[in-house]
Structures are given as C-alpha cells and as structure tokens.
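# Geometric and topological summary
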Amino acid sequence: MKFGRSWLPAHIFAWLYMVLLVVPLYYLLVSAFKTNDQIFGSPFSLPTSLSTTNFTESFSSAHLGPAVLNSMLVTVLALVLTLALAIPAAFAIARTEGRVGALVERVFSLGFLIPTFAALFPTFLLAAATGLFHTRAFMVLFLPATAMPLSVVILVQFMRTIPREMEEAARMDGASTFAVLRHVYTPMCMPGIATILLLNFLTFWNEYLYSLVIIGPDPEQRTVQVALPTLKSLTGTDYGILTAGTVLTLVPVWAVYTVLQKRMQQALVSGAVKM
C-alpha cells in the first residue's frame, strides 16, 4: 500500500501527459474529415462523414506525391550515410583507450552546442560555392553532418559495454578489424542503431528551415514539410484540407516508429545508454 501511494503522483503525471498528447492528435484526426464551419463550430465532435475529399484535395493541391517521394529519398539516403559514418567512428572511439579517445569524443559532443539556425548562413554559402544550391544532393550530405554528434555519442556508449573478450575471440579466429565491426559490434549494438535511426528519421523528415532555403519551393524537388504550408492562404485557409495533409505526412513517421519502437525501448530499459 505504501508503495502504491508513493507512486500515485507519478501515475497522475503520466495520465496527464497522455491526455496532452492524445487530445491534439484526436483534434487533428477528426478535423481532417470536417469543413471549416464544422471545425470552428464543434471542434471536438466526431465528423458527420468519413469522406476522403480533404485528403485527395490536399494531395493534389500541394503536390504531396512528389514531395513525399523527395522527403523519403533525402531521408533514406541521409540515414544510410549517417550510419556509414557514425558506426565506424563510434567503433574507433570505443576501442581507443587513454586521452585521445576521450578527446575525440568530446569534439563530437561539441556539436550539441551549435544551434541549428546559427549555421544557416555558412551552409547557404557552402551550398552556393559547391554548386549544389537548390538541389536535394546537398541536403543528403548536410543532414548526416548535423546528426553525427548524437549518433556517435550514443553508439560509443553501446560499444563500450561489449566485452573485449568477444573481440579477442574473433581475432583468434582470424577476423579482420572490419569483420569484428560487422559480425561482433554491429549486431550487438542493434538497439542503439535502431535508436539513432528513429531519432534521426524524425529529425530528417520534419526538417523545414534548411530544406526551404537550400532546396527551395520548386515542386519537383521540395520536401513534404515545404510543400505542406502551401495549403495555407492569406485569403482563407481550408483547415480541413490542411489537417488532412498533415495527417498524410504523419503516416510514414508512425510506420517507422512502429517498426523501431521495440528496439528503442530495449535500449532505454536495459540502461545501456549512459550519457
């Protein structure tokens, strides 16, 4: 009984937090099937019909089809490049003993101190100088650079928990350094890899500022976050269409989270990440 009472405040805050998450999501979902009059007249009531008119209209008006494909292309390629850089870097840092490894890890940690917007102007100049301005290729190269600090720091903590005896056993069997990374460290760090995949996917998919400045509003190249605001109008926004478009952009996020959530929960519950 004492244990139950001591945990009562935690349960109350957990339920309050759940309400804060569920209520806006419910409002967003029901608004996607309503007109403006229904949204403002009875915002929390259930829709009178489940017509998909708002979804089809948002999909065609904002050209969400090409925008979703562009976002998927940029996000997937950026994630692959992030893993290709972060896993070997974390492996090297985790296996390095002494001050050198600690110094390199601190250098990566300094990336947390740089605000995103502070690098906008230098990034703009870099894109113009490299001839990649108004291209998706620059975002594919730029996004992994922003994700490296978090990705490397998380993976280093995972790899340091792997016993050195496993690497020594693989070495005795004739495994090379690359084989040790591929067959020993990478499989045992799958919860950490899933964690950085999920976190970086959310960041890359929802990125707006740099996509707007670097890629621009070109319907053939813009990402979904840049295309979505085109559903707004100064003369009169149809909020049903706008919310329907927003729901469509959330579907990939929900799908990725559903696939990776168990791995991420394993990482959090096991306590392997010790920041």
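This section reports on the structure supplied with the text. In this text, all values refer to a predicted model and were calculated from it rather than measured experimentally.

What counts, and at which threshold
Residues numbered from 1 in each chain as written. Predicted model: local features only at pLDDT ≥ 70, side-chain atom pairs only at ≥ 80, totals over all residues. Heavy atoms only, no water. Axes fitted to C-alpha atoms, helices over the stretch in contact; angles between N-to-C directions. Helix = DSSP H or I, 4+ residues; strand = E, 2+ residues; numbered from the N terminus. Left-handed = near helix turned anticlockwise from the far one by under 90°. Nonpolar A, V, L, I, M, F, W, Y, C, P; charged D, E, K, R; others polar. Phe/Tyr/Trp six-rings, centres within 6.5 Å; stacked < 30°, edge-to-face > 60°. Buried < 20%, exposed > 50% of the residue type's maximum accessible area, 1.4 Å probe, protein only. Parallel < 35°, antiparallel > 145°, perpendicular 65-115°, else oblique. Contact = heavy atoms within 4.5 Å.

### Digging into the packing of helix H5 (residues 64–95) against helix H8 (residues 136–159)
It is the contact of H5 with H8, at a shortest axis distance of 6 Å, that shows an interaxial angle of 40°. For the pair H5 and H8, the crossing hand works out as right-handed. Residue composition of the contact of H5 with H8, by class: 24 nonpolar, three polar and one charged.

### So, the packing of aromatic side chains
This structure, assessed with the given rule, holds eight aromatic pairs. Ring centres of Tyr-27 and Phe-44 lie 5.6 Å apart, and the angle between their planes is 50°; this geometry places the pair in the tilted category. One end of the pair, Tyr-27, is in helix H2 (residues 8–31); the other, Phe-44, is in the loop between helix H3 (36–41) and helix H4 (53–61), with 17 residues separating them in the sequence. A centroid spacing of 5.1 Å and a plane angle of 90° characterise the contact between Phe-124 and Phe-133, whose relative ring orientation is edge-to-face. Note on Phe-133: relative accessible area 28%, which makes it partly exposed.

### Quick look at the packing of helix H10 (residues 177–188) against helix H11 (residues 190–206)
Between H10 and H11, the least distance of the axes is 5 Å, while the angle of their chain directions is 65°. It follows from the interaxial angle that H10 and H11 lie roughly perpendicular. Contacts between H10 and H11 involve Thr-186, Pro-187 and Met-188 from the first element and Met-190, Pro-191 and Ile-193 from the second. Class assignment for the residues of the contact of H10 with H11 results in five nonpolar, one polar and no charged.

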